[in-house]
Amino acid sequence: MQFTFYGHACFAVQIAGKKLLFDPFITGNPLAKEIDINAIEADYILVSHGHGDHVADLIQIAKNTDALVMGAYEIMDWAGKQGVSNVHPMNFGGKVRFDWGTVRFVPATHSSVLPDGTYGGNPGGFVVSSVDGSFYYSGDTALMMDMQLIPRYANIDVAILPVGDNFTMGVEDALVAAEFVQCSKVFGVHFDTFGYIKINHEEAIDYFKKAGKTLILPEIGKTISI
Ligand code: NI
Ligand code: MN
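### Points about the overall build of the protein
- Of the regular secondary structure elements, the protein holds six helices and 14 strands.
- For the protein, whose C-alpha radius of gyration is 16 Å, the value lies close to the compact-globule estimate of 17 Å for 226 residues.
- Summarising its shape, the C-alpha atoms of the protein cover approximately 50 × 35 × 30 Å along the three principal directions.
- Relative to its full complement of 226 residues, the protein shows a buried share of 55%.
- By sequence separation, contacts in the protein at least 24 residues apart represent 59% of the contacts at least 6 residues apart.
- Approximately 9,700 Å² of the protein is accessible, and the part contributed by carbon and sulfur atoms is 46%.
- A distance of 6 Å separates the average location of the 15 positive side-chain charges in the protein from that of its 25 negative side-chain charges.

This is how it looks when you write it as structure tokens:
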């Protein structure tokens, strides 16, 4: 699996020959100004919830790539009204089987409304499994007991978790989340983009290391193989 970070909570993942893109928010992120959204390829775009810092570039990239867009029913309905017809609506408890693997939509504890005020349904996360491995993309969320269910669905090789605090989990709770999902490797996301979520990188990485886990705070534009 190859993970490319596009800033904030936006990740591209290459898995089992497919390109998955999560929560496209790039043009509005000053830290990601080097990234050209028109150069991004995707077979699937997975959307965790409706907030602008997760969907701002969704419509543009969906139209550019004709990727299959997946997420909450209400967000797919909204995307349809913006002219994106290749959508796959989901809700909690649901899993979709593809010939390359499975995508499961799982709960998150957060809120969800689209930038124009449209109700976004419930916020969620995804468990993606394939022969290449499995990962958990939690989306914006608090720490929650439901995360203990994740290891029943897959052996998680890497978890993509928010660590920026204030709007989501911070570093301390993200470590507990990593324990709940039984995963030793975490990509931290949702940090530094705005003033509210600036974190001390060294302290965060050290906090995980002391607990025997690895926190990676990825550099924007860089690709990491797992
Ligand atoms: Ni959010
Ligand atoms: Mn967010």
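### Things to note about the nonpolar core
- Counting residues in each nonpolar core, the largest one holds 53 residues, and the members touching the most others are Leu20, Ile45, Val128 and Phe135.
- Among residues more than four places away in sequence, those in contact with Ile45 are Leu21, Pro24, Leu58, Ile61, Ala62, Thr65, Ala67, Leu68, Val69 and Met70.
- Listed in part, the 27 residues of the second largest apolar core include Val127, Met169, Val171 and Phe180.

### Thoughts on the coordination of the manganese ion (ligand 2)
- Protein ligation of the manganese ion (ligand 2) involves Asp53 (OD), His54 (NE2), Asp140 (OD) and His190 (NE2), the donor distances falling in the range 2.1 to 2.2 Å.
- The motif formed by the donor residues of the manganese ion (ligand 2), counted along the single chain, is D-H-x85-D-x49-H.
- Separation of the manganese ion (ligand 2) from the nickel ion (ligand 1) amounts to 3.0 Å, with Asp140 serving as a shared donor to the pair. Here the residue His54 occupies a position in helix 1 (residues 52-55), and Asp140 occupies one in the loop between strand 10 (133-137) and helix 4 (150-153), the gap between them amounting to 86 residues. For the pair His54 and Asp140, one class covers both residues: buried.

### Some words on the pairing of strand 2 (residues 11-15)
- For strand 2, the tally of buried residues reaches four of five residues, placing the bulk of the element in the interior.
- Between strand 1 (residues 2-5) and strand 2, which pair antiparallel in sequence order, lie five residues; one of them, Gly7, sits at a positive phi of approximately 95°.
- Bridge count for strand 2 against strand 3 (residues 18-22) is five bridges, and the pairing is antiparallel. What sits directly across from Ile15, in strand 3, is Lys18.
- Between strand 2 and strand 3, which pair antiparallel and follow one another directly, the connecting turn spans two residues, one of which, Ala16, has a positive phi of 50°.

### Points about the coordination of the nickel ion (ligand 1)
- On the protein side, the nickel ion (ligand 1) has His49 (NE2), His51 (ND1), His110 (NE2) and Asp140 (OD) as donor atoms, found 2.2 to 2.4 Å from it.
- In primary-sequence terms, the residues that donate to the nickel ion (ligand 1) follow H-x1-H-x58-H-x29-D.

### A short note on empty space enclosed by the protein
- One pass over the full model with this rule turns up one cavity of 30 Å³ or more.
- Considering the residues around the largest cavity, the lining is formed by Ala9, His54, Tyr137, Ser138, Gly139, Asp140, Ile160, Pro162, Val189 and His190.
- Its residues placed into classes, the lining of the largest cavity shows five nonpolar, four polar and one charged.

### Examining the sheet that holds strand 7 (residues 95-98)
- Taken in spatial order, the seven strands make up an open sheet running 7-8-9-10-11-12-13, and their pairing is mixed. Each edge of the open sheet carries a strand with a single partner, namely strand 7 and strand 13 (214-216). Taking the axes of each pair of neighbouring strands and ignoring which way they run, one obtains an average angle of 20° across the sheet.
- Sheet topology note: the strand 12 (residues 185-189)/strand 13 ladder contains three bridges and is parallel. In the strand pairing of strand 13, Phe187 is matched with Ile216.

### Quick notes on the environment of Glu34
- You can see Glu34 is positioned in the loop between strand 3 and strand 4 (44-46).
- Each C-alpha atom of the pair Glu34 and Ile220 lies 8.7 Å from the other, and the pair is 186 residues apart in sequence.

### Points about the side chain of Thr193
- Its place among the elements puts Thr193 in the loop between strand 12 and helix 6 (201-210).
- Reaching out from Thr193, the side chain makes a polar contact with the side chain of His8 at a distance of 2.7 Å.
- Excluding residues within four positions of it along the chain, Thr193 makes contact with His8, Phe25, Asn29 and Leu31.

Conventions and cut-offs
Residues numbered from 1 in each chain as written. Chains lettered and ligands numbered in written order. Predicted model: local features only at pLDDT ≥ 70, side-chain atom pairs only at ≥ 80, totals over all residues. Heavy atoms only, no water. Helix = DSSP H or I, 4+ residues; strand = E, 2+ residues; numbered from the N terminus. Rg over C-alpha atoms; globule rule 2.2 N^0.38 Å. Buried < 20%, exposed > 50% of the residue type's maximum accessible area, 1.4 Å probe, protein only. Contact = heavy atoms within 4.5 Å. Areas by Shrake-Rupley, 256 points an atom, 1.4 Å probe, with all protein chains shown as cover. Lys, Arg positive; Asp, Glu negative; His and termini not counted. Charge placed at Lys NZ, Arg CZ, Asp CG, Glu CD. Core = buried A, V, L, I, M, F, W, Y, C linked by side-chain atoms within 4.5 Å. Donors = N, O, S within 2.8 Å, 3.2 Å for Na, K, Ca; no water. Pairing = 2+ DSSP bridges. 1 Å grid on protein atoms, 1.4 Å probe; cavity = no way out; pocket = protein on both sides within 12 Å on 5 of 7 lines; lining within 4 Å. Points joined across faces, edges and corners; volume = space filled by probe spheres on them. Nonpolar A, V, L, I, M, F, W, Y, C, P; charged D, E, K, R; others polar. Axes fitted to C-alpha atoms, helices over the stretch in contact; angles between N-to-C directions. Polar contact = N/O pair within 3.5 Å; in protein donor to acceptor, adjacent residues only side chain to side chain.

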